[in-house]
Amino acid sequence: KAFGAIGLAVLILVAVSCGPGQKMAGTMAFTVSMDEPSKHYYHVEFRCDGLKGDTQDFKMPVWMPGYYRIMDYPRHVTNFKAVDGAGRPLPWAKTTKNTWQVKTANAPEVVVSYDVYAFTMFVANNYLDDQRGYIVGPGLYMHPAGMINHPVTVTFKPYNGWTTVANGLDAVPGQPYTFSAPDFDMLYDCPTLLGNQERFQFEVNSVPHYVVADNIPAEADRNTIAASLRKIVTTATDLMGDIPYKHYTFLLIGKGVGGVEHLTSAAMLFDASNLATPEGMQRLAGFAAHEYFHTFNVKRIRPITLGPFDYDREVYTNLLYVSEGFTSYYSGLILQRAGFTSPDQYLTNLSRRIARIENGSGHLFQSVAESSIDTWIKAWYLASDENLSNTSISYYNKGSIIGALLDLKIRNET
């Protein structure tokens, strides 16, 4: 009993000392500007006070959670500089591919600045031209090593004439284009779309949901778009019994293929000009159903290795068939329950998934667990040689089938 009481006291002490009400010393703040977007460079200033020690390592991630590829974001960084609060230069050296070591000499304030080249339009890359900007946090923001849990703010200075700055962060009241994050994980998890995008919203259980998109044609019915996405959100949240955020943003970032899920947003490459057609609306509903359900599966229900993240190297899990495949299974169910597909259409799509596995040879060589591990080196969606499709499988596809079989088994047994 004595040991139990001591153990309980220690647990209480740990809970109190690590409680959410405790504030970390010092402040950290980014300012992001883009004065000449046609040159495709963001300028970043990162101001820190309260750092301790003779040296400080500033690190940039090499990959982005949700997209399991080494992106080597630091290769786009140029013109790195470090000064103290009075503007005096501080010596620095590059010590690894994603680490800048600054001799801070216990300076009470340190400011690092750098430029980031951004000209690849993709959900996992930064982009900037004179029409719009798109920012992925891991590819733009550095963090002091060992201080990933520190609160941080970011202020954007949009290009002249731009009025839209959209992301899933909390806005700071009274400070235009300024947002706060409780830690760098959240900052890295919130991509930002900038420009003059159209923005409208809908609510589900009094929680605001925003849609931000370029090039929605005039003939597209905004009310229909909002109603379709509301059906997806309502069906998914009814299924899960929770809305685990204060606000949510759908970012339609432009033409292309691909999407990445986030805690309070989803970034989707999508041709908004198609929203004037029923086919376009159907594709948006299907796309949104998958990315939105990730709000629950992988962002909050996840393999233990997927958070807190190691941003310096690959993070392996053999459960992506659950994170992605089960999400594909449930997104199909959500579409059917929301009325976008009929039961017969749902079963037809399921049978096609099964046929795709059975008619290919990949399942003879690779399991879904192996496919999860190997996604870092031979992802099925980035196939670069003809043999990859013969010897590998999609954990999206086979995982969705496993999800269906498991669901049917549970229903049958209970």
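Residue indices begin from 1 for each chain and proceed along its sequence in written order. Totals for whole chains, interfaces and linings use every residue, but because this is a predicted model, local features are given only for residues with pLDDT of at least 70 and side-chain atom pairs only at 80 or more, for both listing and counting. Excluded from the side-chain calculations are hydrogens and water; all other atoms, namely the structure's heavy atoms, are used.

Right, let's get into unusual backbone geometry. The linkage connecting Gly-307 with the following residue, Pro-308, adopts the cis geometry, with an omega of -10°. By secondary structure assignment, the location of Pro-308 is in the loop between helix H4 (278–293) and helix H5 (320–337). Of note in the backbone geometry, His-40 takes a positive phi value of approximately 70° without being a glycine. Note on conventions: DSSP H or I runs of at least 4 residues are helices, E runs of at least 2 residues are strands, and numbering of each starts at the N terminus. By the secondary structure assignment, His-40 is in the loop between strand S1 (27–33) and strand S2 (41–49). The backbone phi angle of Asn-106 is positive, close to 60°, even though this residue is not glycine. Considering the arrangement of structural elements, one finds Asn-106 in the loop between strand S6 (99–102) and strand S7 (109–117).

Attention now moves to the packing of aromatic side chains. Each pair of aromatic rings taken from Phe, Tyr and Trp, with Trp reduced to its six-membered ring, is defined by centres within 6.5 Å and is described as stacked if the planes are under 30 degrees apart, edge-to-face if over 60, and tilted in the remaining cases. Using the criterion set out here, one finds 32 aromatic pairs in the structure. Ring geometry for Trp-63 versus Trp-376: centroids 5.1 Å apart, planes at 75°, classification edge-to-face. One end of the pair, Trp-63, is in the loop between strand S3 (56–59) and strand S4 (77–84); the other, Trp-376, is in helix H7 (residues 368–378), with 313 residues separating them in the sequence. The cut-offs for exposure are 20% and 50% of the maximum accessible area for each residue type, with area from a 1.4 Å probe on protein chains only; residues under the lower value are buried, those over the upper are exposed, and the others partly exposed. For Trp-376, a relative accessible area of 8% gives the class buried. Each ring, one from Phe-293 and one from Phe-296, has its centre 6.1 Å from the other, and the planes form 50°; the classification is tilted. Residues Phe-293 and Phe-296 agree in their burial class; the two are buried. Members of the aromatic cluster, each reached through a chain of ring pairs, are Phe-30, Phe-46, Phe-58, Trp-63, Tyr-68, Tyr-141, Phe-184, Tyr-188, Phe-309, Tyr-311, Tyr-316 and Trp-376. By definition here, charges over rings are those cases where NZ of Lys or CZ of Arg is within 6 Å of the ring centre and within 35 degrees of the ring normal. The positively charged end of Lys-94 is found above the aromatic ring belonging to Trp-100, 4.5 Å away from the centroid.

Okay, the sheet that holds strand S10 (residues 143–144) next. Strand order in the open sheet made by the four strands is S5-S6-S3-S10, with antiparallel pairing throughout. Each end of this open sheet is capped by a strand with a single partner; those strands are strand S5 (92–96) and S10. Strand pairing is assigned whenever DSSP identifies at least 2 bridges connecting the two strands. Across four bridges, S5 lies against S6 in antiparallel orientation. When the bridges of S6 are listed, Thr-96 appears paired with Thr-99.

Here we take up H5. Take the number of residues in a helix, subtract one, and multiply by 1.5 Å to get its expected span. With 18 residues, H5 should reach 26 Å at 1.5 Å per residue; the first-to-last C-alpha distance of 25 Å fits that figure. Just beyond H5, the residue with positive phi is Gly-339, at close to 90°.

Burial along S2 is one-sided: the face carrying Tyr-42, Val-44, Phe-46 and Cys-48 is buried and the face carrying Tyr-41, His-43, Glu-45, Arg-47 and Asp-49 is not. Bridge count for S1 against S2 is seven bridges, and the pairing is antiparallel. In the strand pairing of S2, Phe-30 is matched with Phe-46. The pairing of S2 with S7 spans nine bridges and is antiparallel. For Tyr-42, the partnering residue across the bridge sits in S7 and is Val-116.

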